[in-house]
Amino acid sequence: MSGLQGLAQENIWFDKSRYDEAERSFYEGMNGIPQTSQSQNASKSEDQSELVSRLKSLELDNKNLHKVVDDLRAVLSKLESRMAVLEKSQAPASKTVTVTKAAPVQKPKVEEHNDADDDDIDLFGSDEEDEEAERIKAERVKEYAQRKAKKPALIAKSSILLDVKPWDDETDMSKLEECVRSIQMDGLLWGASKLVPVGYGIKKLQISCVVEDDKVGTDILEEEITTFEDYVQSVDIAAFNKI
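These remarks concern the structure in this document. (Residues numbered from 1 in each chain as written. Predicted model: local features only at pLDDT ≥ 70, side-chain atom pairs only at ≥ 80, totals over all residues. Heavy atoms only, no water.)

### Regarding a negative patch on the surface
Among the surface-exposed residues, Glu 129, Asp 130, Glu 131 and Glu 134 lie close enough to one another that they form a single negatively charged patch. For Glu 134, the position within the fold is in helix 5 (residues 127-150). (Patch = residues over 30% accessible without salt bridge, like charges linked within 9 Å, V, L, I, M, F, W, Y side chains within 5 Å. Areas by Shrake-Rupley, 256 points an atom, 1.4 Å probe, with all protein chains shown as cover. Salt bridge = Lys/Arg side-chain N within 4 Å of Asp/Glu carboxyl O. Lys, Arg positive; Asp, Glu negative; His and termini not counted. Charge placed at Lys NZ, Arg CZ, Asp CG, Glu CD. Helix = DSSP H or I, 4+ residues; strand = E, 2+ residues; numbered from the N terminus.)

Below, the structure is given as structure tokens:
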């Protein structure tokens, strides 16, 4: 036990690197190899330790940068997908406007004289006959104006089919329709409506209305609907017909 206790007090095994270095220096001296000082070796060891520490730090920074780049790529991919959906939903649909031509206004028929009456007119008659013809003509024009005034004036009306598009698939379409129907004008009458799928879960509101042309224009109607900007993205005229 005393021998083991004596070995336990020796530190040769704990300083093995120093003894290895001393042995290497001894053999290098015997072979004529110039020896480096312990301070230089210690300096090199410190430089190597510092270099290893810097490499580890650079590796850690590199990993962090890779993670940041991956996160940015994921966010960019989501934004690109979102933009693609918005561009498709915002793309203006081609307006299909069907306008029927108004019927040509018929000219009032003027009663024609019979050939017998023409034969009775004396072109070279007296001034009294000319005055009588003018009086008869004036009476006929007056009668025609009175008959025309008694006829009720026709009110020009149009039937319009509107496509009202929301911002996205999360828009409350029932609330959107409620906002559209809340628009009240003199000469405006709302009709039937339905939801039409557009894509990516988005639906548009297709609603019909009848307007009096002299009181309600399509521009005014579109401006009133687009004031509900929280729900409405755009308004298109899908069909337009004269009644």
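### Topic: the nonpolar core
Generally speaking, a soluble globular protein has its nonpolar side chains buried in company with each other. If you look at the biggest cluster of nonpolar residues, it comprises 20 residues, and the most contacted ones within it are Leu 162, Val 164, Val 180, Leu 188, Trp 190 and Ile 225. Contributions of two or more residues to this core are made by strand 1 (157-166), helix 6 (173-181), strand 2 (188-199), strand 3 (202-212), helix 7 (218-226) and strand 4 (232-242). Not counting residues within four places of it along the chain, the set of residues in contact with Val 164 comprises Leu 176, Val 180, Lys 204, Leu 205, Ile 207, Ile 225, Val 232, Ser 234 and Val 235. (Core = buried A, V, L, I, M, F, W, Y, C linked by side-chain atoms within 4.5 Å. Buried < 20%, exposed > 50% of the residue type's maximum accessible area, 1.4 Å probe, protein only. Contact = heavy atoms within 4.5 Å.)

### Concerning the sheet that holds strand 1
Spatial ordering of the open sheet is given by 2-3-1-4, a layout of four strands whose pairing is antiparallel. Each end of this open sheet is capped by a strand with a single partner; those strands are strand 2 and strand 4. Strand-to-strand twist in this sheet, taken as the mean axis angle between neighbours without regard to direction, amounts to 20°. The pairing of strand 2 with strand 3 spans nine bridges and is classified as antiparallel. Residue pairing in the sheet places Ser 193 in a bridge with Ile 207 of strand 3. Of the strands in this sheet, strand 1, strand 2, strand 3 and strand 4 are in contact with helix 6, which crosses strand 3 at around 15°. Its contacts with the sheet put helix 7 on strand 1, strand 2, strand 3 and strand 4, and the angle it makes with strand 4 is roughly 155°. (Pairing = 2+ DSSP bridges. Axes fitted to C-alpha atoms, helices over the stretch in contact; angles between N-to-C directions.)

### Section: the pairing of strand 1
Along strand 1, seven of the 10 residues are buried, which leaves the element largely enclosed by surrounding structure. As paired strands, strand 1 and strand 3 are joined by eight bridges and run antiparallel to one another. Paired with Leu 161 across the bridge in strand 3 is Ser 208. Looking at chain direction, strand 1 and strand 4 are connected through nine bridges and run antiparallel. Bridged to Val 164 within strand 4 is Val 235.

### A look at unusual backbone geometry
Even without a glycine there, the phi angle at Tyr 200 is positive, about 60°. As for its placement among the helices and strands, Tyr 200 is situated in the loop between strand 2 and strand 3. Under the relative-accessibility criterion, Tyr 200 is labelled exposed at 53%.

### Describing the pattern of salt bridges
Side chains that carry opposite charge are capable of pairing whenever their charged atoms lie near each other. In this structure the tally under the stated criterion is 11 salt bridges. Note that Glu 50 and Arg 54 form a salt bridge whose closest N and O atoms lie 2.8 Å from each other. Of the two residues, Glu 50 and Arg 54 both sit in helix 3 (residues 38-90), four residues apart, roughly one turn of that helix. By relative accessible area, which is 52% here, Arg 54 ends up exposed. Two residues, Lys 215 and Asp 186, come together in a salt bridge whose shortest N-O distance is 3.3 Å. Of this pair, Lys 215 sits in the loop between strand 3 and helix 7 while Asp 186 sits in the loop between helix 6 and strand 2; the two residues are 29 residues apart in sequence, bridging distant segments of the chain. Salt bridges here are not isolated pairs; linked through shared partners, they connect Glu 132, Arg 135 and Glu 139.

### Focus: the side chain of Asp 168
Mapped onto the elements of the fold, Asp 168 is located in the loop between strand 1 and helix 6. What makes Asp 168 buried here is its relative accessible area of 18%. A polar contact is formed between the side chain of Asp 168 and the backbone nitrogen of Glu 170, at a distance of 3.1 Å. Among the polar contacts listed, one links the side chain of Asp 168 to the side chain of Thr 171, at a separation of 3.3 Å. Setting aside anything within four residues of it in sequence, one finds Asp 168 in contact with Arg 82 and Ile 202. (Polar contact = N/O pair within 3.5 Å; in protein donor to acceptor, adjacent residues only side chain to side chain.)

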